[in-house]
Amino acid sequence: MKHKAFTLIELLVVIAIIAILAAILFPVFQRAKEAAHRTACLSNGNQIGKAVAMYLEDYDGTFPIFYAYNSQPPAGKPGHKGVEVLLTPYTSGSSKVDAATGQTYAGLNPVFKCPLDTGGPYTDKDVPTSTSYWDAYGSSYRFTKCMYTVVENESSQNNVLFDYTKVVLESAVQFPAETRILRDEMFTFFDDEITQDACARYGYDCPPPWNFYRKWHSTGGTMIFADSHAKHIGGSALFDDTFVDPEGHRSGDPHDELGTWYWACD
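Predicted model only: the values in this text are computed from it and were never measured.

## Thoughts on the overall build of the protein chain
What the protein chain contains, in helices and strands, is seven helices and eleven strands. Projecting the C-alpha coordinates of the protein chain onto the three principal axes gives extents of approximately 90 × 50 × 35 Å. Buried positions account for 44% of the 266 residues belonging to the protein chain. Looking at the protein chain alone, contacts between residues at least 24 apart form 63% of all its contacts between residues at least 6 apart.

Here's what the structure looks like:
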């Protein structure tokens, strides 16, 4: 009995059909994967919001000390200072012990990592070994400066100490459900192709050497509020409308010295 083999034309047709199906299904799988990561990012945000609430209970309603973008010592190593370090005891993260000194310290805490965090142009240069804001600085989430306690010669950003003190109390927050205390480092609308004057408004997608933007989400980003809830924010108008300090100034409101309250507090 003779068996008929596929002709070249038949093989090419089959390959073409497979290629078409792959082209249709691949974006669907990508969107499903991003949606799962976005859900995990939001879930982590909710956990962080609850951690802040528990911290406030233990410290008489005083918000944690503000630190940001410190890479000396590196994130996850003994001596590193970040808000996430202060909040680690209130999350599922665990402390470590330095074998050389016996010092207890907070390692990199997965609760503070958004799965969509792929770093940015600045982290690529500032901490070349990093692949995300999380492993560069300990958190994928940006803490809103005006909502945390700044302590002179203790609070620091980019390894530089602050020269003033301002204590932030939970009782002073006018609109807890609308005041952001954290947000994803990257939002889709920080892209200057999406938002007019994005560089001037948010300071991320700017000409070199001041470019910080890298696309994480395709629809917005995670935001955590002072009443401890978190939600996905999908547009610049909603972002600009949230409050950024205890007194109730909105992110997009004009600021006498710095342009907007985003620049003053974020």
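## Examining the side chain of Ser140
Inspection of the secondary structure puts Ser140 in the loop between α4 (133-137) and β4 (141-143). For Ser140, a relative accessible area of 0% puts it in the buried group. At a separation of 3.0 Å, a polar atom in the side chain of Ser140 contacts the main-chain amide nitrogen of Cys114.

## Examining empty space enclosed by the protein
Scanning all chains against the criterion turns up two cavities of 30 Å³ or more. For the largest cavity, the calculated volume is near 110 Å³. Around the largest cavity, the lining comprises 13 residues; the ones closest to its centre are Tyr67, Ala68, Tyr69, Ser139 and Phe143. Going through the elements one at a time, β1 (67-68) and β4 are the ones with two or more residues in the lining of the largest cavity. The element best represented in the lining of the largest cavity is β4, accounting for three residues. Class assignment of the residues belonging to the lining of the largest cavity gives a composition of six nonpolar, four polar and three charged. Around the second largest cavity sit Ala75, Gly76, His80, Glu84, Val85, Thr88, Ala106, Gly107, Leu108 and Gly138, which together line it. Tallied by class, the residues present in the lining of the second largest cavity amount to four nonpolar, five polar and one charged.

## Quick look at the nonpolar core
Of all hydrophobic cores here, the largest spans 48 residues; its most connected members are Phe63, Tyr148, Ile181 and Phe239. The dominant element in this core, judged by the number of residues it contributes, is helix α1 (residues 8-58), at six residues. Those residues in contact with Phe239 that lie beyond four places of it in its chain are Arg180, Arg183, Phe187, Phe189, Phe190, Tyr202, Met223, Ile233, Ser251 and Tyr262. In this structure, Cys146, Val244, Trp261 and Cys265 belong to the second largest nonpolar core, which totals five residues.

## Description of the sheet that holds strand β7 (residues 180-184)
Strand order in this open sheet of four strands is β4-β7-β8-β9, and the pairing throughout is antiparallel. Among the strands making up the open sheet, the edge pair consists of β4 and β9 (230-233). Sheet twist, expressed as the average angle between the axes of neighbouring strands with direction ignored, equals 25°. Both strand β8 (residues 221-225) and β9 contribute to a ladder of four bridges, which runs antiparallel. Bridging from a neighbouring strand, Thr222 pairs with His232 of β9.

## Quick look at the pairing of β7
A large share of β7 lies buried, amounting to five of its five residues. Bridge count for β4 against β7 is three bridges, and the pairing is antiparallel. Each residue of the ladder has a partner; that of Phe143, found in β7, is Leu182. Taken together, the three bridges between β7 and β8 define a ladder with antiparallel strand orientation. Each bridged residue has a counterpart across the sheet, and for Leu182 the counterpart in β8 is Ile224.

## Focus on the pattern of salt bridges
Across all of its chains, the model carries seven salt bridges by this definition. Through salt bridges with shared partners, a single network forms among Arg180, Arg183 and Asp266.

## Describing the sheet that holds β1
Taken in spatial order, the three strands line up as β1-β5-β6 in an open sheet, and their pairing is mixed. On the outer flanks of this sheet lie β1 and β6 (160-161), each paired with one strand and no other. Alignment of strand β5 (residues 156-157) against β6, held across two bridges, turns out to be antiparallel. Residue Ser156 lies in a different strand from β6, and its bridge partner there is Leu161.

## Considering the packing of aromatic side chains
As enumerated under the stated definition, the model contains 26 aromatic pairs in all. Geometrically, the ring pair formed by Tyr202 and Tyr262 is edge-to-face, given 5.6 Å between the ring centres and 85° between the ring planes. Note that Tyr202 is positioned in helix α5 (residues 198-202) and Tyr262 in helix α7 (residues 261-265), a separation of 60 residues in sequence. With centroids separated by 6.1 Å and ring planes inclined at 55°, the aromatic side chains of Phe239 and Tyr262 adopt a geometry described as tilted. Here Phe239, found in helix α6 (residues 236-241), pairs with Tyr262, found in helix α7; they are 23 residues apart in sequence, far enough to count as distant. Here the two residues Phe239 and Tyr262 agree in accessibility, since each one is buried. Through pairs of rings, three or more aromatic residues link up here, namely Phe187, Phe189, Phe190, Tyr202, Tyr204, Phe239, Tyr262 and Trp263.

What counts, and at which threshold
Residues numbered from 1 in each chain as written. Predicted model: local features only at pLDDT ≥ 70, side-chain atom pairs only at ≥ 80, totals over all residues. Heavy atoms only, no water. Helix = DSSP H or I, 4+ residues; strand = E, 2+ residues; numbered from the N terminus. Buried < 20%, exposed > 50% of the residue type's maximum accessible area, 1.4 Å probe, protein only. Contact = heavy atoms within 4.5 Å. Polar contact = N/O pair within 3.5 Å; in protein donor to acceptor, adjacent residues only side chain to side chain. 1 Å grid on protein atoms, 1.4 Å probe; cavity = no way out; pocket = protein on both sides within 12 Å on 5 of 7 lines; lining within 4 Å. Points joined across faces, edges and corners; volume = space filled by probe spheres on them. Nonpolar A, V, L, I, M, F, W, Y, C, P; charged D, E, K, R; others polar. Core = buried A, V, L, I, M, F, W, Y, C linked by side-chain atoms within 4.5 Å. Pairing = 2+ DSSP bridges. Axes fitted to C-alpha atoms, helices over the stretch in contact; angles between N-to-C directions. Salt bridge = Lys/Arg side-chain N within 4 Å of Asp/Glu carboxyl O. Phe/Tyr/Trp six-rings, centres within 6.5 Å; stacked < 30°, edge-to-face > 60°.

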